[in-house]
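# Remarks on the overall topology
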Amino acid sequence: MATSLSPEGGARVWLRPKGAGSPVLGANRQAAANASFLFPLPEAEARAWGKLPAAVARIAIPGNVRLRSIAWSKDQGFIACGGDDGLLKVLKLETQTDEAKIKGITAPSNLSVNQHLDGHSGSVKVVAWNEQYQKLTTSDENGLIIVWLLYKGAWYEEMINNRNKSVVRSISWNADGQKICIVYEDGAVIVGSVEGNRIWGKDLKGIHLCHVAWSSDSKVLLFGIANGDIHIYDSQGNFIVKMKVSCLVNATGPFEIAGIHWYHGTEGYVEPDCPCLAVCYQNGRCQIMRDENDQNPVLIDTGMSVVCIQWNHCGSVLAVAGSIKATPQDVNIVQFYTPFGEHLRTLKVPGKQISALSWEGSGLKIALAVDSYIYFANIRPDYKWGYCSNTVVYAYTRPDRPEYCVIFWDTKNNEKYVKYVKSLISITTCGDFCVLATKADENQPQEENETEPIGATYALVLCNSIGTPLDSKYVDIGPLFVTMTKTHVIAASKGAFYIWQYRVVKKLTAMEINQVARTRKEGRERIYHVDDNPSGSTDGHLDYNRAIVVTRDPICAITASDKILLVARESGTIQKYSLPSVGIVQKYTLNCRAYQLSLNCNSSRVAIIDLSGVLTFFDLDTRVVDSTGQQVVGEQLKLERKDVWDMKWAKDNPDLFAVMEKTRMYVFRNLDPEEPIQTSGYICNFEDLEIKSVLLDEILKNPEHPNKDYIVNFEIRSLRDSRALIEKVGIAESSQFIEDNPHPRLWRLLAEAALQKLDLQTAEQAFVRCKDYQGIKFVKRLGNLQSEAMKQAEVAAYFSRFEEAERMYLDMDRRDLAIGLRIKLGDWFRVLQLLKSGSGDSDDALLAQAHNAIGDYFADRQKWLNAVQYYVQGQNQERLAECYYMLEDYQGLENLANSLPENNKLLPDIANMFVRVGMCDQAVSAFLKCNRPKDAVDTCVHLNQWNKAVELAKNHNMKEIGSLLARYASHLLEKNKILDAIELYRKANYFFEAAKLMFKIADEEAKKRTKPLRVKKLYVLSALLMEQCHEQMQNAQRGKAKDKGSETASALAGLLEEDVLSLTDRFADNAWRGAEAYHFFILAQRQLYKGPVDAALKTALHLRDYEDIIPAEEIYSLLALCACANRAFDICSKAFVKLESLETLRPEQRQQYEDLALEIFRRHSPKPNKKSDLDDFLESGDGKLPVCVATGEPILEYRFWMCSVCKHCMKAKEANNYNFCPLCHSTA
């Protein structure tokens, strides 16, 4: 299936999967690597190195000097070629002009640089570019190395080196261009810097080197040995290990390395963990590895004698150049492979011997050094792309991301949407939708209602034109071929095809929602083996076991329309199935193996492009008699075109199609071609006698910023001729031409031309012929107008010449029509200008409408400040409120609410806006203004303004506030938010409930043995709440006494009294008891540590009354300590007796207390000291004197200070030292 290349004609080659033997998973990345090659061959030779004739694709070296090496600079575009007799030239093809880019012409025809470099005397064997520093390194057979530098547009020698011992076999710059490695045949290795300094050198004794390659991170060097071995060294020249070469297993004879090329990932990888290190031997054996230690490389037997290899710019295609044995002489060929070893195409090259090859930087061209010629090839990549709903969808890889970047570019609005897709296989489009075929993400869970077998490895994702996923299906067959119609997606592997009847749901009814889970049972997804013969009834279940059965005649292409599905097989058979029932209808036999199929718009003909790029056509419905005399269905048409890489049928004419050959586009009508158009664009759409083409080559040079200039529209000849006839000859004569070549677009063109000349009769007839009902109505309306000027204005508006139409209306003094025109266009700014420019009074309603429309314009663009100005003038209070809210101008919103009359329908909306931002007062005011007090109370509850809620409930006689309060408090307590519940009760003036909860918290903290000061504060808060409760009760009683008619107040006071009476003596009698206990507990310890131990003992003695609050062990321990410090051993003895009698002590604790008491009282007798009267009084407990909360001493004076809050006392002399009450901390 190879295509020969000869000087007399052209040939092109596609890079696509070749046969059933290709690995299935290799197709995962086939579209990244697939490319079609176009070789326009020479008609003449350029021997003077001047301008190249158009379409010349080879350059002859003067003097027939044989070329030995070639290298194409990826960034700068310079081509260096070396040959015998010291030949070294640097060339550069002329940069494309903007016009050539827009036309899509891929092949420049001139040389912009052509310089002969003098310096070598022997055959130049090695040329290598340093891309980063724009340097060229060359070496000849004498071992002379020259580094060339570009200076002012010319190349000059920068450095020269000659070891004079051996010949240089290979040179390699590392990825960042900082280091160069040079290997000599005798085993010498030199690594130097870009400045020319020697970094290190090594002499590998007894080893003959032939190749070298850097790893992408510059940490590893590979050395190719003459005997076929490959040694791995680190960047400092230390041997690591010998590489395992798997491709030479079972091979015999000498093993000489033809090439080592390591792709550095500068343009990203076609797949994560993609093979990128290629090693190839002259015997044709090749292995592609993920890294230097890959134990499972991709193995290839090219079956050829290999000369050199090279990756393309993105590592998606490996080119292998060499020759194969043939009679009478060997044939030069170049074979192309994916990184996964899939053979794409074999190209035959003329000449005696191919010496070297090199890819251009964009991967769109390749240069071949053959004998004394340089051959150039233009490459037509088979990009992952599609076109749907004015949107170009294309995918590319980025170095910084492992996924494919898929761009959805809306060419109409010039907007793009980005989507990242892992393991993208293909993009297929139809109508308004596209399908992305991918490998399934193992980490992504499948939908629960999906019933695919576990481990489905592929996914089909249905997206709209902005990349939003609408539906997805998981399948277990590799989608090597995918096509879609307006209702179905068909994916095929080598042996089976899967059909998914998709539907895009805009609104689901309740019945449809209930049926979603049963969609599979309704036959929306089916799978068929290619060897089956379905009848179209109920065949085709989701049986993947049947799908994996191997067939002897694999699928090689598919296509579908709304009516039929065509499946092509490698034997040349095409099977025709009906849709949507999927029953086999007919089988046809072709003379070729189809690679690409395409149906015309009425499904009567199919276009077939085979593996050689030959385009043929087959009529599916014609009945003919074959050579045996039997009638058969289907006929091979006689038209045949070569070197075809793309074609597209017209959507509205079954006999019209466009074909891409080389760099030309041909349009065919009834199998007759028109004159070609020079372009290399990819055909998006063919409709209305216009072809829309996209220059993907240019777009993908900067894929993140697509340019609308790269969308090119071509008119076919009939449309061009009709337009020229109308302009030059006239409407009547043109009408006859269009009659002979009828098409709705031509009739529309005639109708528009007739309208321009106000030939209404011809225009109406033409609109009838193109079935344009709106056009007919427009002509009828024009006929009813009397004024010619009015007709001209209407026609100008019809052709979107709105400025001209407006000017005509104003000249006729019909400002109302000009305003009406602008209103239809939605140009409210111009409407406002026209309304204000009039001399008379303008319509107030129309003026308000214009202001509001302009306000809407700014609001849609979130320019709220501008919108406010126009809404104010248009008195649009509803949108004005929205703008104030978006601007967070709550003062303006409040002013608007105040300006509205009562019960205005906008007030609730404004109130809700205030609620959303937590502005309670304003929200309540708005709710009350529209007579919705319950919503106002709910707002207060929602915003925790409980006191205001209670007040509103009382004022409006609402009784449910109590239950609501209790319910909310219960909710908080369930969530253990006790402090929130306390705050809730406190704000709602339910002090008693708050106090109960606070006492509970204080008791719990006391049990946890928290810091005493914290516990005291909690008891103080509890007591303060109880004081507020008492004050509330007193106020209620006083109010009841004054106003006997206040039943609500009396009832509330009664309820509070009952609650208080029902309390235990725990804290109701004395709410300050807990605070007192911990106050004296802290005070005694403070006094003890500060020095006045006598005062500490007196304070500690008070703690005996608080055993129910503070643990007895702590009380008597402190008392014993204070008594011992005060040498009151009798009190100390009593404290120890109390401690030893506590039941809560553990035995070891009791023993410790006994031992301590024994030690103390062995030294000090527990005899009582002389007692004072006060001590007798304190111990007897017969009477209670007020205790000073500052010192802990009893107050004997008649004058003392009493706190107004807690009612505790303090000696007068101590009161002068305090600004706050020592117990409750209220202001003294």
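Shown above is the structure to which this text applies.
Per chain, residues are indexed from 1 in the order of the written sequence. Under the rules for a predicted model, residues below a pLDDT of 70 receive no local features and side-chain atom pairs below 80 are neither given nor counted, while totals for whole chains, interfaces and linings still include all residues. To obtain the side-chain values, all non-hydrogen atoms of the structure were included, while hydrogens and water were left out.

## Focus on the overall build of the protein
Keep this limit in mind: Counting from the N terminus, the helices are the DSSP runs of H or I reaching at least four residues and the strands are the DSSP runs of E reaching at least two. Exposure categories follow from relative accessible area, calculated using a 1.4 Å probe and restricted to protein chains: below 20% of the type maximum is buried, above 50% is exposed, and the middle band is partly exposed. Note on contacts: a residue pair is in contact if any heavy atoms of the two residues lie within 4.5 Å. Surface accessibility in these figures is a Shrake-Rupley result with a 1.4 Å probe; residues are shielded only by whichever protein chains are displayed.
Helix and strand content of the protein: 34 helices and 60 strands. When burial is assessed residue by residue, the protein has 54% of its 1228 residues classed as buried. Counting contacts in the protein only where the partners sit at least 6 residues apart, residues at least 24 apart contribute 47% of the total. Accessible surface for the protein amounts to roughly 58000 Å². Of this, 47% is attributable to carbon and sulfur atoms.

## As for the sheet that holds strand E32 (residues 391-397)
Threshold: Two strands are said to pair when DSSP picks up at least two bridges between them. As a rule, the C-alpha atoms of each element are fitted with a line to give its axis, helices using only the stretch in contact, and angles between N-to-C directions run from 0 to 180 degrees.
As summarised here, the arrangement of the 4 strands in space is E31-E32-E33-E34, forming an open sheet in which the pairing is antiparallel. Only two strands of the sheet have a single neighbouring strand rather than two, namely strand E31 (385-388) and strand E34 (415-421). Within this sheet the neighbouring strands show an average axis-to-axis angle of 20°, counted without direction. Sheet analysis places strand E33 (residues 404-410) next to E34, joined by 7 bridges and oriented antiparallel. Within the sheet, the bridge partner assigned to tryptophan 409 lies in E34 and is lysine 416.

## Observations concerning the environment of aspartate 234
Heads up, the condition is: For the purposes of these results, a polar contact is taken to be a pair of N or O atoms within 3.5 Å, where, inside protein, one atom must be able to donate a hydrogen and its partner to accept one; residues adjacent in sequence count only when each atom of the pair is a side-chain atom.
Mapping aspartate 234 onto the fold places it in strand E18 (residues 230-234). Placed 12 residues apart in sequence, aspartate 234 and leucine 222 show a C-alpha to C-alpha distance of 8.7 Å. For aspartate 234, the residues in contact, after removing those within four places along its chain, are Lys219, Leu221 and Ile240. Reaching out from aspartate 234, the side chain makes a polar contact with the backbone nitrogen of glutamine 236 at a distance of 3.0 Å. At a separation of 3.0 Å, a polar atom in the side chain of aspartate 234 contacts the main-chain amide nitrogen of glycine 237.

## Digging into the side chain of threonine 573
Along the chain, threonine 573 turns up in strand E45 (residues 573-578). Given the relative accessible area of 19%, threonine 573 is considered buried. When near neighbours in sequence (up to four residues on either side) are disregarded, threonine 573 contacts Asp553, Val567, Ala568 and Tyr588.

## Some details on the sheet that holds E45
The 4 strands lie next to each other as E43-E44-E45-E46, forming an open sheet whose pairing is antiparallel. Looking at which strands have only one partner, the edges of the open sheet turn out to be strand E43 (555-560) and strand E46 (584-589). Across this sheet, the average inter-strand angle for adjacent strands is 20°, counted without regard to direction. Pairing of E45 with E46, which is carried by 5 bridges, proceeds in the antiparallel orientation.

## Considerations on the environment of aspartate 889
Tracing the chain through its elements places aspartate 889 in the loop between helix H17 (877-887) and helix H18 (890-899). Relative accessible area serves as the criterion here: at 31%, aspartate 889 is assigned to the partly exposed category. From its side chain, aspartate 889 meets the backbone nitrogen of glycine 892 in a polar contact 3.0 Å long.

## With respect to the pairing of strand E23 (residues 298-301)
Judged by which residues are buried, E23 turns out to be one-sided: Val298 and Ile300 face inward and are buried, whereas Leu299 and Asp301, on the alternate face, are not. Across 4 bridges, strand E22 (residues 285-289) lies against E23 in antiparallel orientation. Opposite arginine 285, over in E23, you have aspartate 301 as the bridge partner.

## Remarks on the pattern of salt bridges
For the record, the criterion: We define a salt bridge as a contact between a side-chain nitrogen of Lys or Arg and a carboxyl oxygen of Asp or Glu at a distance within 4 Å.
Applying the stated rule across the entire model yields 52 salt bridges. The salt bridge involving lysine 576 is made with aspartate 621; its shortest N-O contact spans 3.8 Å. Here aspartate 621 lies in strand E49 (residues 615-625) and lysine 576 lies in strand E45, a separation of 45 residues in the sequence. With relative accessibility at 44%, the residue aspartate 621 sits in the partly exposed group. Glutamate 661 is the salt-bridge partner of arginine 641, the closest N and O atoms lying 2.5 Å from each other. Within this pair, whereas arginine 641 is found in strand E50 (residues 631-641), its partner glutamate 661 is found in strand E52 (residues 656-661), the two being separated by 20 residues in sequence. Pair check on accessibility: arginine 641 and glutamate 661 agree, each one buried. One network of salt bridges, in which partners are shared, links Glu803, Glu806, Arg822, Asp827 and Arg830.

These values are about where atoms sit, not about what they do.
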